[in-house]
Amino acid sequence: MVGWFSRKSEAKPLPVERGPLAVGIGGALDLDLLSLEANALGGDPAMPLPLSGPFIVAAYGEAKLDASTVLSRYYDEEHRLIQAMSGGGKPGDAVEDISFYHSWDSVVPSGASEWARWTGPQGLIGLPEYDADGILFRRFWGEGPNRAPLVEFVEQVDDGETVRSIHQTCMLYYRPLGQSREMLLINVERDLGERERQTGSSVEFMIGYGLTPADVRRV
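A. Broad picture of the environment of L136. Counting through the fold element by element, L136 comes out in strand β8 (residues 135-139). Take L136: its relative accessible area is 40%, and that puts it in the partly exposed class. Taking the C-alpha atoms as reference points, L136 and R175, separated by 39 residues in sequence, lie 7.2 Å from one another. For L136, the contacting residues outside a window of four places in its chain are E129, Y130, D131 and R175.

As structure tokens, then:
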């Protein structure tokens, strides 16, 4: 009996619920992506579609986009994330938009001229179209034939041990995929823990798909 009570007293506290999906670091989500598979039939995805099954949360990120929108991101160990938009980013808040993204590629530009090619006034990120080795995506944010301003924010990412502040400058693109859409998020990331310079920054490419709140369930 004494040993049993001793072990019970040393039990770790439950992880703190994070974001509108109310999942803590180390917690699990269950993905039901049958509707995504059905809607994507007839399309040729840039990378294999995500599969239904468990998604173990390894880190949680949050950014306030404006006065009424909080971006919440749940990361796993496989370079995937579930992104949810809500009014306050609190457990129980209504999810206004939810999507799934998986890392596709990464580029580390060398020098100012290479950075200008991506993010300069005539840079590739923000143009009306982006050609990814023959796969053509159209810009989702911004209208007109000119380069659109990029979206910029700082995300606080917590893995349960450390919190990182990551400055992000991004643009979202899309293309039809069957009856659905395949999204391409092009994101310049810079860890604010590093020196205030672009050294160490990278251009990240993520492929994503829109979901519904019913497709994601907390376990």
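Now that the structure is up, let's keep going.
B. Layout of the side chain of S86. Tracing the backbone shows S86 in strand β5 (residues 80-86). By relative accessible area, which is 0% here, S86 ends up buried. A distance of 2.9 Å separates a polar atom in the side chain of S86 from the backbone nitrogen of G89.

C. The pairing of strand β6 (residues 95-107), seen in detail. Bridge count between β5 and β6: 7 bridges; the pairing is antiparallel. Paired with R80 across the two strands is H102, which belongs to β6. Pairing between β6 and strand β12 (residues 202-211): 9 bridges, direction antiparallel. By the bridge assignment, H102 is partnered in β12 with I207.

Parameters and conventions
Residues take numbers from 1 onward in each chain, read along the sequence in its written order. Reporting in this predicted model follows two pLDDT cut-offs: at least 70 for local features of residues, and 80 or more for side-chain atom pairs to be given and counted; totals over whole chains, interfaces and linings ignore these cut-offs and use all residues. Computation of side-chain values: all heavy atoms of the structure, hydrogens and water removed. Every helix listed is a DSSP run of H or I at least four residues long, and every strand listed is a run of E at least two residues long, numbered separately from the N terminus. Categorising residues by exposure relies on relative accessible area from a 1.4 Å probe, with only protein chains included: less than 20% of the type maximum marks a residue as buried, more than 50% marks it as exposed, and the intermediate range marks it as partly exposed. Residue contacts follow a heavy-atom distance rule, with two residues in contact if any of their heavy atoms lie within 4.5 Å. Definition of a polar contact: a pair of N or O atoms within 3.5 Å, with one able to donate and the other able to accept a hydrogen when the atoms are protein atoms, and with sequence-neighbouring residues admitted only if both atoms are side-chain atoms. Any two strands with at least two DSSP bridges between them are considered paired.

Shape descriptors only; they carry no functional weight alone.
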